Amino acid sequence: GLAGVVIAVDGPAAAGKGTLARRLAAELGLPYLDTGLLYRATGRRLLDAGADPRDTLAAEAAARSLSPADLERPDLRGPEADRAASAVAAIPAVRAALLDWQRGFGRTHGAVLDGRDIGTVVFPDAPVKLFVTASDEERARRRWLELRGRGVTAELPAVLADLRARDAQDAGRAVAPLKPAADALLLDTTALDAEAAFRAARALVAERLGL
Ligand code: CDP
Ligand code: CDP
């Protein structure tokens with residue numbers, strides 16, 4: 001069976017990683033972890049404390065003391081939380097503090113994890129690695145629609161600019177930069193809706209695992 005299998009889902013902002021990873025996990029009977037929440041919750045702690053999200057010591061302390069309740073806060077999404085997450089995610093001590101916990105989550109029963117460095121750093125030996133992309137414009141449109149659905153008014157050009165700035169920061173950092181693992185399967189979802197993306201991913205996973 002699939003027990004113990006780790007599936008890594010990485011890619012840039014608003015590519016549909018979470019939507020896809022959650023569905024794959026449900027389909028395959030595996031636990032799911034949205035690793036972006038760990039960085040978002042760490043960044044939110046610093047914003048609350050009035051600290052600079054680039055403050056290395058404060059950020060490491062926040063990452064080390066995260067509790068399950070921190071991951072369920074309603075204020076982890078939105079432009080401010082996005083920026084704070086990406087800022088703390090560039091700090092090596094923050095990433096180190098979160099690494100063992102992510103590995104422990106996946107190692108016990110297998111899991112589907114989505115993020116930026118799952119296939120490159122967290123689980124470099126994962127048997128299945130998906131790198132999910134879509135054009136910048138399409139990803140901005142998806143994020144804009146999500147914001148609108150939550151009652152947040154935003155201008156599409158501003159959403160696009162924020163997303164590009166965050167991708168540049170995530171891909172340009174020295175530690176665990178956003179990039180596909182050498183053995184990742186690329187899935188461009190620009191022209192696919194969530195259902196079609198799920199079917200395409202399911203076929204790739206089945207092929208990789210010989211199902
Ligand atoms: O949902 P979205 O793609 O917009 O973001 P997310 O996956 O929740 O991640 C928020 C931020 O956390 C990213 O911009 C990265 O800076 C950071 N992150 C990371 O560095 N490594 C991960 N495995 C997951 C997220
Ligand atoms: O996790 P990530 O930030 O990569 O994306 P997400 O939180 O899963 O959000 C993606 C949004 O785009 C959701 O509102 C999906 O319904 C939508 N979408 C998708 O996930 N996949 C597609 N192929 C097309 C749209």
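Numbers given to residues run from 1 along each chain, matching the order in which its sequence is written. Naming scheme: in the order in which they are written, chains are lettered from A and ligands are numbered from 1. The predicted origin of the model limits local features to residues at a pLDDT of at least 70 and limits the giving and counting of side-chain atom pairs to 80 or more, whereas totals for whole chains, interfaces and linings rest on all residues. Only hydrogens and water are removed before side-chain values are computed, so all heavy atoms of the structure are retained for them.

It is worth spelling out the pattern of salt bridges at this point. Every case where a carboxyl oxygen of Asp or Glu lies within 4 Å of a side-chain nitrogen of Lys or Arg is listed as a salt bridge. Evaluation of the coordinates by the stated rule reveals 25 salt bridges. Between R54 and D52 there is a salt bridge whose closest N-O contact spans 2.8 Å. For the exposure calls, accessible area comes from a 1.4 Å probe over protein chains only, and a residue counts as buried if that area is under 20% of its type's maximum, exposed if over 50%, partly exposed in between. Take R54: its relative accessible area is 62%, and that puts it in the exposed class.

On to the UniProt feature "binding site: ATP" (unreviewed entry) in the protein chain. Listed under "binding site: ATP" (unreviewed entry) in the UniProt record, and renumbered for this structure, are G11, P12, A13, A14, A15, G16, K17, G18 and T19. As for its placement among the helices and strands, A14 is situated in the loop between β1 (6-10) and α1 (17-28). Counting from the N terminus, the helices are the DSSP runs of H or I reaching at least four residues and the strands are the DSSP runs of E reaching at least two. When you line up the elements, K17 lands in helix α1. Here the side chain of K17 touches P12 through a polar contact of 2.8 Å, landing on its backbone oxygen. UniProt positions are given in the numbering used here, feature names are shortened, and annotations may be inferred rather than shown by experiment. Each polar contact in these results corresponds to two N or O atoms within 3.5 Å; when the atoms are within protein, one needs to be able to donate a hydrogen and the other to accept it, and residues that are neighboring in sequence are counted only if both atoms are side-chain atoms.

Time to look at the sheet that holds strand β3 (residues 111-115). Think of a sheet as strands paired side by side through backbone hydrogen bonds, with each pair either parallel or antiparallel. The rule for pairing is simple: two strands pair if DSSP sees at least two bridges between them. If you walk across this open sheet you meet the five strands as β2-β3-β1-β4-β5, and the pairing is parallel. Looking at which strands have only one partner, the edges of the open sheet turn out to be β2 (32-34) and β5 (185-188). Strand-to-strand twist in this sheet, taken as the mean axis angle between neighbours without regard to direction, amounts to 20°. The strands touched by α1 are β1, β2, β3, β4 (128-133) and β5; relative to β3, the strand with the most contacts, the crossing angle is about 180°. Axis geometry follows a simple rule: fit a line to the C-alpha atoms, using only the stretch in contact for helices, then measure angles between N-to-C directions, giving values from 0 to 180 degrees. The contact definition used throughout considers only heavy atoms, calling two residues in contact when any of these lie within 4.5 Å.

Another point: the UniProt feature "domain: Cytidylate kinase" (unreviewed entry) in the protein chain. Following the UniProt record, the feature "domain: Cytidylate kinase" (unreviewed entry) maps to residues 7-195 here. Segment residues 7-195 splits into 54% helix and 12% strand. End C-alpha atoms: 19 Å apart.

A word on the side chain of R143. Note on placement: R143 falls in helix α7 (residues 136-149). Judged by its relative accessible area of 17%, R143 is buried.

Let's shift gears to the site of ligand 2. Note on terminology: near, applied to a residue and a molecule or strand, indicates that one of the residue's heavy atoms is within 4 Å of it. Surrounding ligand 2, one finds 14 residues, the nearest of these being K17, G18, T19, R143 and L192. Contact between ligand 2 and G16: an oxygen atom at 2.9 Å from a main-chain N or O atom of the residue. Here R143 contributes a side-chain N or O atom positioned 2.8 Å from an oxygen atom of ligand 2. Protein coverage of the free-state accessible area of ligand 2, which is 540 Å², stands at 77%. Only α1, α7 and α9 (194-209) provide two or more residues apiece to the shell around ligand 2. A breakdown of the residues in the shell around ligand 2 according to their chemical character gives five nonpolar, four polar and five charged. All accessible areas in this document rest on Shrake-Rupley with a 1.4 Å probe, and a residue is counted as covered only by the protein chains that are shown. Residue classes follow a fixed rule: Ala, Val, Leu, Ile, Met, Phe, Trp, Tyr, Cys and Pro count as nonpolar, while Asp, Glu, Lys and Arg count as charged, and any other residue, Gly among them, counts as polar.

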